[in-house]
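Chain by chain, the residues:
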Amino acid sequence: MTTALILLPLIAGLIVGLVPLERRMTEGLALLAALVECALGVVSLIQFDADKGTQFVTDKVWITDFLGIADVRFHVGMGGLSLFMVLLTAVGVAAAAATASWVGRERPRIYFALLLGLECALVLLFTARDIVLFYVGWEAMMIPLYVLIAVWGGEQRRRATLTFFIYTLIGSLLMLVAVAWVGIHGNSFQIDVLTGAGLDSTWPFLAFCAAFCIKAPLFPLHGWLPITYRQAAPETTALLSGVISKAGAYGLITIAIPLFAPNAVDLRWWFVGLALAGLLYGSLIAFRQPDARGVVAYSSLGQMNLIVIGIFASLPTMVGSSIAGPVVHANDNGITGAKFQMVNHGLVSLAAFLLIGLIELRCGTDAFKYLGGLANGRPVISTVFLITALFALAVPGSAVFVSELYILIGAFQFQALVGAAAACAIVLAAMYMLRWYSALVHEGDGPNVSPQTPDLRLGELGIAVPLVLILLVLSAYPFGVMERLGGFG
Amino acid sequence: MSTVPVSFSGIAPEIVLIVAATALLLFGVFLSPPAARAFATVVTLGAFVGAIIAVAVQWDDAAHYSFEHTLRVDAFGRGAGLIVFSAGLLATLVAWGTPWMRERAIEYHSLLLIGAGGMSLLAISNSFVTVFVALELLSICLYILVAMDSNELLSLEGGLKYLIVGAVGAALLLYGAALVYGSTGHLEFDGVARVARGQGDDALLLGGIALVIVGLGFKANAAPLHMWTPDAYEGAPTPVTAFMSAATKVAALIVITRVLVTAFPDQSDLWKNVLAGLAIASFAVGNLAALRQTNVKRMLAYSTVGHTGFLLTAVAADSPKGAEALLFYLVVYAAMNIGAFAVVAVREREIGRPVEVRDFNGYAYSRPVLSIAMIIFMLSLAGIPPTAGFLAKLAVFSAAVDSDLAYLAVCGVIATMVALVYYLRIPLAVIDRDARRPVAEPRPGYGVASLTAGVSALAVLALFLVPGPIFDMARTASTSLFGG
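Residues numbered from 1 in each chain as written. Chains lettered and ligands numbered in written order. Predicted model: local features only at pLDDT ≥ 70, side-chain atom pairs only at ≥ 80, totals over all residues.

With that settled, the discussion passes to the overall build of chain B. From N to C terminus, chain B includes 19 helices and 3 strands. In summary, chain B has a C-alpha radius of gyration of 21 Å against a globular reference of 23 Å for 484 residues, a match within 12%. Put simply, chain B has 484 residues, and 64% of those count as buried. The contacts of chain B with a sequence gap of at least 6 include a subset with a gap of at least 24, amounting to 81%. (Helix = DSSP H or I, 4+ residues; strand = E, 2+ residues; numbered from the N terminus. Rg over C-alpha atoms; globule rule 2.2 N^0.38 Å. Buried ≥ 20, exposed ≤ 12 C-beta atoms within 10 Å, placed from the backbone. Contact = placed C-beta atoms within 7 Å.)

The subject of this paragraph is helix 4 (residues 108-127) of chain A. Compared with the 28 Å implied by 1.5 Å per residue over 20 residues, the 28 Å span of helix 4 of chain A between its first and last C-alpha is a close match. Burial of helix 4 of chain A is extensive: 20 of the 20 residues sit out of reach of the surface. (Expected span 1.5 Å × (residues − 1).)

To continue, consider the interface of chain A and chain B. Put simply, an interface is often sized by how much accessible area is lost when its parts join up. Contact with chain A, which involves 29 residues of that partner, is made by 32 residues of chain B. Considering every element that reaches the side of chain A that touches chain B, the biggest residue donor is helix 7 (residues 157-186) of chain A, with 15 residues. Looking at side-chain class alone, the side of chain A that touches chain B contains 23 nonpolar, 4 polar and 2 charged residues. (Nonpolar A, V, L, I, M, F, W, Y, C, P; charged D, E, K, R; others polar.)

On to unusual backbone geometry. Outside of glycine, negative phi angles account for most residues, and trans bonds account for most peptide bonds. Following Phe219 of chain A, the chain continues into Pro220 of chain A via a peptide bond in cis, with omega recorded as 0°. Looking at where Pro220 of chain A falls in the secondary structure, it is placed in the loop between helix 9 (202-215) and helix 10 (225-231). Following Pro385 of chain B, the chain continues to Pro386 of chain B via a peptide bond in cis, the omega torsion being 5°. Locating Pro386 of chain B in the fold gives a position in the loop between helix 14 (368-382) and helix 15 (388-402). In this model, Phe67 of chain B sits at a positive phi of 50°, which is unusual for a non-glycine residue. Assignment of secondary structure puts Phe67 of chain B in the loop between strand 2 (64-66) and strand 3 (71-73).

The next subject is the nonpolar core. Grouped together as the largest cluster of nonpolar side chains are 404 residues, with contacts concentrated most on Ile309 of chain A together with Ala251 and Tyr329 of chain B. In terms of residue count, the dominant contributor to this core is helix 13 (residues 320-351) of chain B (21 residues). Setting aside chain neighbours within four positions, we find Tyr329 of chain B in contact with Phe310, Leu311, Ala314, Ala392, Ala395 and Val396 of chain B. (Core = buried A, V, L, I, M, F, W, Y, C linked by C-beta atoms within 7 Å.)

Residues and elements named next belong to chain B. Direction vectors running N to C along helix 14 and helix 18 (residues 446-465) enclose 45°, while the axes themselves pass 9 Å from each other. Considering their axes alone, helix 14 and helix 18 lie oblique with respect to each other. Read as a crossing pair, helix 14 and helix 18 show a hand that is left-handed. On helix 18, the residues touching Val369, Leu370, Ala373, Ile376, Phe377 and Ser380 of helix 14 are Ser450, Ala453, Gly454, Ala457, Val460 and Leu461. Along the lines of polarity and charge, the residues of the contact of helix 14 with helix 18 split into 9 nonpolar, 3 polar and no charged. (Axes fitted to C-alpha atoms, helices over the stretch in contact; angles between N-to-C directions. Parallel < 35°, antiparallel > 145°, perpendicular 65-115°, else oblique. Left-handed = near helix turned anticlockwise from the far one by under 90°.)

Moving on, we come to the pairing of strand 1 (residues 55-66) of chain A. Residues and elements named next belong to chain A. Relative to strand 2 (residues 70-78), strand 1 is paired through 7 bridges, and the arrangement is antiparallel. Each residue of the ladder has a partner; that of Lys60, found in strand 2, is Phe74. The turn linking strand 1 back onto strand 2 is made up of 3 residues, and Leu67 within it adopts a positive phi angle of 50°. (Pairing = 2+ DSSP bridges.)

Moving on, we come to the packing of helix 1 (residues 2-18) of chain A against helix 2 (residues 23-47) of chain A. All names here are of chain A. Contact geometry of helix 1 with helix 2 gives a least axis separation of 10 Å together with a crossing angle of 180°. Between helix 1 and helix 2, the angle is such that the two are roughly antiparallel. Between helix 1, through Ala4, Leu5, Leu8, Pro9, Ala12, Ile15 and Val16, and helix 2, the contact on the second element is made entirely by Thr26, Leu29, Ala30, Ala33, Val36, Glu37, Leu40 and Gly41. Of the residues assigned to the contact of helix 1 with helix 2, the class counts are 12 nonpolar, 2 polar and 1 charged.

This paragraph deals with the confidence of the model for chain A. Across chain A, the average pLDDT comes to 88, with 96% of residues at or above 70. Predicted confidence is poor over residues 318-330 of chain A, with pLDDT under 50, and the contacts of this stretch with residues over four places away or in other chains come to 25 contacts. (pLDDT = per-residue confidence, 0-100.)

Okay, here's the thing in structure tokens:
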């Protein structure tokens, strides 16, 4: 099943890219593949057994006895977090593909091939149980992203591409040395074996963290974020913020912390401190942004740092607890909340950036000074934006509220001051999201908004509504997800 | 270890190449230029295939000394030979259709064959005399090949610079060999090792080792001995650059490894540090200098200097893991370099002048397949999966960490970060959507050169997906050197 999830987008991508079909066929085929991937994900979810650890395993030798160290294996499988990350990827790519075909991106064949290639790499990295394979997925996702930003980006796409690339590759190259180190010192490349190998060394841990924290991004490693989120096409930004940033948090939870538990515990205050700074910084800056993307970009920075707080606030109590153990009990609130928030924030950010994309399509800009008054005679836009904004500011009753609450409880258990500071930042979220909503939707018509500006059409609803519906389902039954998420590892 | 007094079957590959070269020179004069070109190409391809078969047939034979211990025919040297012959095969294809080839096909191909013979001989040399002879054999061929396009001033200049610097390097090597001989009384590596065991810090011996490393370092383009590289690579006809960059480096690094590991095992603490220094210098000089280049061939020339850093890291590991990583890296390196130069060769013929980075602007919209190949080569040079360059880097890093050389791996990472800036410039130009150019007329040889690029690109991907066989061969080779 896992292998099918990895190969389906790859094969579909190759077909879409190589077979010269006309535009409609290409888009239809890509969208179909993305939806089938979602369906496969749902089937896995139904078959998933919350009491077992990694499931749907495929384990084959890739390189026998690599340099006399150990086998490098094609070893994939899904634990709880992997499963939900795969689902998030599938949903995100399907929504992005739908948006792209709605907008009618130029050169659809190569565009959709890249999008599906990106999906393949993401699913690979979220399911890999071999650290070399994980690295392959991690790096391979950069190639489609690189082209997506460089070709379909905005005015300053060249600069954005280079900034993004150099930042992220610095992290991942350091991780490559750490992968070699782990292989030599742990005598294996299997993540499950390495978790029990008792590795204890600061610099390889930090090398892994560099890669993961740049991608997340943890403050102050977010220098690539503003320009990239502004210059990429809306659906690419949505994927970056909604799905790809989660890969960073996923790496921390699955690899960096379990492999180097003692080091993670030693350094937890550094991470919590930086993440707290990032949460406050991102939330404050988000309030001052002049454009819709800027607000969501910095809010995304803040939210990812909140997730990092949740992860590290669960140390040291969680280290050593197994993935298969009981999930929701007294001391793992932070990590459970962080994982659930990864899912929730992924969906919220996807919705927010895709909606901004639809506004840009109408008005040609996302700058607040040219927008406003979209509510006048456009009830659907105002409703969908309101629901998204309410989710983003974690209104009580929503799934986001549940996950943020768990993180905050975890933070309070870790250290009351951290919890208090993080709670303040949650209030800031309400401020910037309401400003975002009102600057777009309320007030008088902006210069780029005319009475002829259309409301959301049916096809566009097809993009936004499923995301909102999923969030509503999660809000109604959050424990359905949380009991499947597991701890570290 | 068996010793065979004289074994001509052991040097069958070299014999095939030299016989083919002689045949070309003998019969070529009777043919008209177009016929001579076709004849030369066919014979050269045949000779390389023959040499590859000759190696393959003897691959599983035990390692043995031959010709009075002056040669050591083993999988380590023969593995290098395989890379050289394959590189020659691909470079011959790239050369098809080169304009100046009309008059000089016979000379070009016979020099290529003899040069390749010299390289594979160098890789199995077990004595300083054979090293020197083989080195001169390949060098003299390359000097002429670089200057082959004698209508081009750059080509002549490159050839001259290569000649002068190469001669200095050869002289230093010879002097070093003399000092080693003076200290130990032996020229064969195994003999040197026996005597050198007792005299760890003999000044004569240490001076000899230093000069040998420097002399061979010239050929391996290790900084700071690389200064001929950019001019020779830029000036040389592109097919020659492709061949040189891949094959010469293979031969040079293999012989460096063999000399140091088999002749001076007890001085390893010393030469490991020297190699580490050269590696760091190569990382720094190669990558920083490449940043400033706009000419693609010059940029790739500096990038090969940077790659020497990785290769020397593998040698400095001084372990079976290191040798295995070295051989895998060399295979990948040869494939991606020849491929990249093949694409450059196609573009060069299309625009009729040296290729700048901006000449690739929007290339993806007129030549999508070549452009995808070029992107694959650049990603592989940068070490990004899913390309074989990634596995090669991982192997070298693992070997380095295993030998407590993690600091060299970190230097390599920093070098790669710098390298990304210039490697990525080409894909970025290739997919530039603002600069769509009219499709240029395909020039003669377009199909063959594109085919070569495509084959190399597929090889780079295949080596990533199914690296097992090559790793197995590298393991056999490394075992044949280190024993065990």
